[in-house]
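The residues making up each chain are set out below.
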Amino acid sequence: MERQVRQGSDYQKDVQYARSAGLYIENIHTPVHEQNCLSLDNLDGENVFHTYLQCVKDCFQYNITTMVIHLPDDEHPVNDLGIKRLENVISEAEKKNIQVAFENLNNILNLALVLEAFQSKNVGYCYDSCHHLNYAPDDDLLKLYGNRLMALHLQDNGGKHNQHQLPFDGNIDWVNVMKKIALTGYQGATSLEPMNWDYEHLSIQQFLDLAYQKAKKADEMRTI
């Protein structure tokens with residue numbers, strides 16, 4: 001499972017709740033609302049930087065191997081200051097053996113820049129299936145960065161928000177996606193990132209049961 005870090009909440013208790021339910025926390029998702037501020041020379045930029053440093057500490061404290069970061073959209077290019085901040089975050093992650101995975105969104109240029117700049121074994125890629133279709137459908141991201149794949153955010157494309165549907169409910173070609181994931185050699189979990197926006201008619205338990213069945217079906221497609 002993935003844990004989303006919620007700013008301004010006692011999110012650390014989520015770890016206890018998950019593990020008491022017998023769940024393994026594969027990664028955390030760093031806060032996303034200020035992601036475009038990474039390169040700004042002001043307090044907003046500093047806040048993003050220190051938030052990422054805190055996420056490294058959280059991963060180490062709670063024995064979580066990976067943190068996922070949204071880089072800024074490409075209309076907010078990562079500059080030298082942004083690179084320096086990431087360098088410091090990655091340095092702290094290396095000391096604690098935490099993996100930092102950068103996710104694809106509307107940030108394909110920034111993603112390429114950062115993955116090229118940081119060749120550390122602790123730095124890699126988080127593949128998001130719906131963001132891929134929405135923002136870079138003509139780029140074979142799994143071929144480009146599959147050898148550095150550290151996390152999956154699998155969701156379908158459709159519904160009222162055009163994202164975060166359960167697999168097989170939208171218009172993504174799952175046979176092709178799962179085959180390409182298999183070709184990367186990635187051995188991590190088949191992890192979904194759905195919201196229940198289009199499933200309000202289901203109870204929480206029904207939604208989770210359905211998500212589990214969809215995840216199993218997708219996982220069975222991870223064959224070459």
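Residues numbered from 1 in each chain as written. Predicted model: local features only at pLDDT ≥ 70, side-chain atom pairs only at ≥ 80, totals over all residues. Heavy atoms only, no water.

(A) Expanded view of the layout of surface pockets. The space that makes up the second largest pocket amounts to roughly 240 Å³. Along the walls of the second largest pocket sit 14 residues, with Tyr127, His132, Leu133, Asn176 and Val177 positioned nearest its centre. Counting only elements with at least two residues in the lining of the second largest pocket, the list comes to helix H5 (129-135) and helix H7 (174-184). When grouped by side-chain class, the residues that make up the lining of the second largest pocket number 6 nonpolar, 4 polar and 4 charged. (1 Å grid on protein atoms, 1.4 Å probe; cavity = no way out; pocket = protein on both sides within 12 Å on 5 of 7 lines; lining within 4 Å. Points joined across faces, edges and corners; volume = space filled by probe spheres on them. Helix = DSSP H or I, 4+ residues; strand = E, 2+ residues; numbered from the N terminus. Nonpolar A, V, L, I, M, F, W, Y, C, P; charged D, E, K, R; others polar.)

(B) Up close: H7. Of the residues making up H7, those classed as buried are Trp174, Val177, Met178, Ile181 and Ala182. Viewed along the axis of H7, the buried residues span an arc of 135 degrees, placing them on a single side of the element. In H7, the exposed positions that point more than 90 degrees away from the buried face belong to Val175 and Leu183. Where the residues of H7 are buried, they touch strand S5 (123-128), H5, helix H6 (141-145), strand S6 (149-153) and helix H8 (204-220). Just beyond H7, the residue with positive phi is Gly185, at close to 85 degrees. (Buried < 20%, exposed > 50% of the residue type's maximum accessible area, 1.4 Å probe, protein only. Arc of directions from axis to C-beta. Contact = heavy atoms within 4.5 Å.)

(C) Just the pairing of S6, in detail. Of all the 5 residues making up S6, 5 are buried; the element is thus mostly covered by neighbouring parts of the structure. Across 4 bridges, the pairing between S5 and S6 is parallel. Bridge pairing in S6 places Asp128 opposite His153. (Pairing = 2+ DSSP bridges.)

(D) Region of interest: the pattern of salt bridges. Going through the model one piece at a time under the given rule, you end up with 7 salt bridges. The salt bridge involving Glu92 is made with Lys95; its shortest N-O contact spans 3.0 Å. Placement of the pair is Glu92 and Lys95 together in helix H3 (residues 80-95), with a separation of 3 residues, close to one helical turn. Its salt-bridge partner being Glu200, residue Lys160 comes within 3.2 Å of it at the nearest N-O pair. Separated by 40 residues along the polypeptide, Lys160 in the loop between S6 and H7 and Glu200 in the loop between H7 and H8 bring together distant segments of the chain. Of the residues examined, Lys160 reaches a relative accessible area of 54% and is grouped as exposed. Within the structure, one salt-bridge network assembled from shared partners comprises Glu92, Lys95 and Lys96. (Salt bridge = Lys/Arg side-chain N within 4 Å of Asp/Glu carboxyl O.)

(E) Structural detail: the pairing of strand S4 (residues 99-103). S4 sits mainly inside the fold: 4 of its 5 residues count as buried. Pairing geometry for strand S3 (residues 66-70) and S4, over 5 bridges, is parallel. Bridge pairing links Thr66 to Gln99 in S4. Taken together, S3, H3 and S4 form a β-α-β motif whose crossover is right-handed. Sheet analysis places S4 next to S5, joined by 4 bridges and oriented parallel. (Right-handed = clockwise from strand over helix to strand, strands pointing away.)

(F) Expanded view of the nonpolar core. In this structure, Met67, Phe102, Tyr125, Tyr127, Leu154 and Ile181 are the most contacted members of the largest nonpolar core, which totals 54 residues. Here this core takes 7 residues from helix H2 (residues 43-61), the largest share from any one element. Those residues in contact with Tyr127, other than ones at most four positions away along the chain, are Asn104, His132, Leu142, Leu149, Ala151, Leu152, His153, Leu154, Val177 and Ile181. Grouped together as the second largest cluster of nonpolar side chains are 5 residues, Ala101, Cys126, Met150 and Ala151 included. (Core = buried A, V, L, I, M, F, W, Y, C linked by side-chain atoms within 4.5 Å.)

(G) Representation of unusual backbone geometry. We note that Asn97 has phi near 55 degrees; this positive angle belongs to a residue other than glycine. Along the polypeptide, Asn97 turns up in the loop between H3 and S4. Owing to a relative accessible area of 52%, Asn97 belongs among the exposed residues under this scheme.

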